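Structure assessment
Residue strings, one per chain:
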Amino acid sequence: MVGDATRRTTTPKRKKCSQCSKLSEFLSCFKCDEPICYPCADVSSSEATLFRKPDKNIKFECNSCCNSVSTGQNSNKTLTDLLNLVMVLQTQVKELLEANKMKVQENQPSEEFKDTDAIINEMNERERRAKNVLIFDIQETNSTELQDKILHDKQKVNSILESLQLPNLGTNSRIRRLGKHSENPRPILITVENKFNAISILRKAREANKKNIKKDMTPMQRDRMKSLQEKLKKKIDDGETNWTIRYIKGSPQLWKITDNHDQTQRKK
């Protein structure tokens, strides 16, 4: 009997299929021992070879036996075991992720700390630049002497301040050109005694429509201003001409000009 069973599982034979009644190569169900042809068993020849290998713990079970009550009970038990295994694996994975997260946090600052540091750095940089004013399009002197250059730029700046009805630069103010020499004049960076003097210069420049006098902004501030200018341009292109950019508590924002606002401006 053992020899017959071995031959049946290792050597393909032809038998009448118990389902389609065709004479064909077959697999025997390990439960009911009924012969099932490959098409009815829904297996290929290579797959059938796996079922026949004696060293493999792979057994073929026909559909009838699979759908039996006893098999259903075994399947339910197997499914329960698999679900329990999945839960155990999920717990282990969660523990590993938590352990890895703690290890990363020990060696590297969290994103929250990074964001906080970035905000603090931005605030410090804005405070440092608060006393600065940029002036563009001021022709440079042809002199190669440093003192001549400084004197030339200082005279130009004082002339602009006088036109804005502001006092000349104080003794504690600093002035210098930014960037490398080129065909176009480099911008002048003025650092005044305090941020209130810088605010006065910028306010007077806006009132006089001096567009070459600007605030010394951080990269973040420049990006925000660029975004606001693009939004403003889109509104104007769409016919909404009653919009502008105004500084509200030191922060630039899109501002809709109302009739009341216009009347107030006219009274001023």
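Structure first, text after, so check above.
Owing to the predicted nature of the structure, the values given are computational and were not obtained by experimental measurement. One numbering rule holds for all chains: residues counted from 1, following each sequence as written. Only residues with pLDDT of 70 or above have their local features reported here, since the model is predicted, and side-chain atom pairs are shown and tallied only from 80 upward, although totals for entire chains, interfaces and linings are computed over all residues. As a convention, hydrogens and water are excluded, and side-chain values are obtained from all of the structure's heavy atoms.

**Describing the sheet that holds strand β1 (residues 14-16)**
For the record, the criterion: When DSSP finds at least two bridges between two strands, those strands are taken to pair. Only DSSP runs of H or I covering at least 4 residues are called helices, and only runs of E covering at least 2 are called strands; the numbering of each starts at the N terminus. A fitted line through C-alpha atoms represents every axis, and for helices the fit uses only the stretch in contact; the resulting angles, taken between N-to-C directions, go from 0 to 180 degrees.
With antiparallel pairing, three strands are arranged side by side in an open sheet as β1-β2-β3. Of all strands in the sheet, those bounded by a partner on one side alone are β1 and β3 (35-37). For this sheet, the mean angle separating the axes of adjacent strands, direction not counted, is 75°. Bridge count for strand β2 (residues 23-28) against β3 is three bridges, and the pairing is antiparallel. The residue bridging L27 from the neighbouring strand is I36, located in β3.

**Some details on unusual backbone geometry**
Outside of glycine, negative phi angles account for most residues, and trans bonds account for most peptide bonds. Not every positive phi belongs to a glycine, and S21 is a case in point at roughly 65°. Position of S21 among the secondary structure elements: in the loop between β1 and β2. A positive phi angle, close to 60°, is found at D137, a residue other than glycine. With respect to the element layout, D137 can be found in the loop between β4 (132-135) and α7 (146-163).

**With respect to the pattern of salt bridges**
To be explicit about the condition: Salt bridges are defined by distance alone: a side-chain nitrogen of Lys or Arg within 4 Å of a carboxyl oxygen of Asp or Glu. Relative accessibility under 20% of the residue-type maximum defines a buried residue, over 50% an exposed one, and the middle range a partly exposed one, all with a 1.4 Å probe and only protein chains included.
Counted according to the given criterion, the structure contains nine salt bridges. Across the pair R129 and D216 runs a salt bridge, and its minimum N-O distance is 3.1 Å. You can see R129 sitting in helix α6 (residues 111-129) and its partner D216 sitting in the loop between β7 (213-215) and α9 (219-237), a full 87 residues away along the chain. By the burial criterion, R129 is buried, and D216 matches it. Linking D238 and K234 is a salt bridge whose minimum nitrogen-to-oxygen distance equals 3.2 Å. A residue is classified by how much of its surface remains accessible, and K234, at 56% relative accessible area, is exposed. When salt bridges with common partners are traced through the structure, they connect E125, R128, R129 and D216 into a single cluster.

**Let's talk about the sheet that holds strand β6 (residues 188-191)**
Heads up, the condition is: Any two residues whose heavy atoms approach within 4.5 Å are treated as being in contact.
Strand order in the open sheet formed by four strands is β5-β6-β4-β7, with antiparallel pairing between adjacent strands. Edge strands, defined here as strands with exactly one partner in the open sheet, are β5 (174-177) and β7. Pairs of neighbouring strands in the sheet enclose a mean axial angle of 25°, with direction left out of account. Contacting β4, β5, β6 and β7, α7 runs over the sheet at an angle of about 110° to β5.

**Remarks on the nonpolar core**
Soluble globular proteins tend to pack their nonpolar side chains together in the buried interior. Selection rule: Side-chain atoms within 4.5 Å link the members of a nonpolar core, which is a set of buried Ala, Val, Leu, Ile, Met, Phe, Trp, Tyr and Cys residues.
Among the nonpolar cores identified, the biggest contains 18 residues, and I135, V157, I188, I190, I201 and I213 are the most heavily contacted of them. When residues of this core are traced back to their parent elements, those giving at least two are β4, α7, β6 and α8 (195-207). A per-element tally of this core places α8 first, with four residues. Leave out the neighbours within four places in its chain, and I213 touches V133, L134, I135, I160, L164, I201, L202 and A205. If you look at the next biggest cluster of nonpolar residues, it comprises 10 residues, including I36, Y38, V43 and F60.

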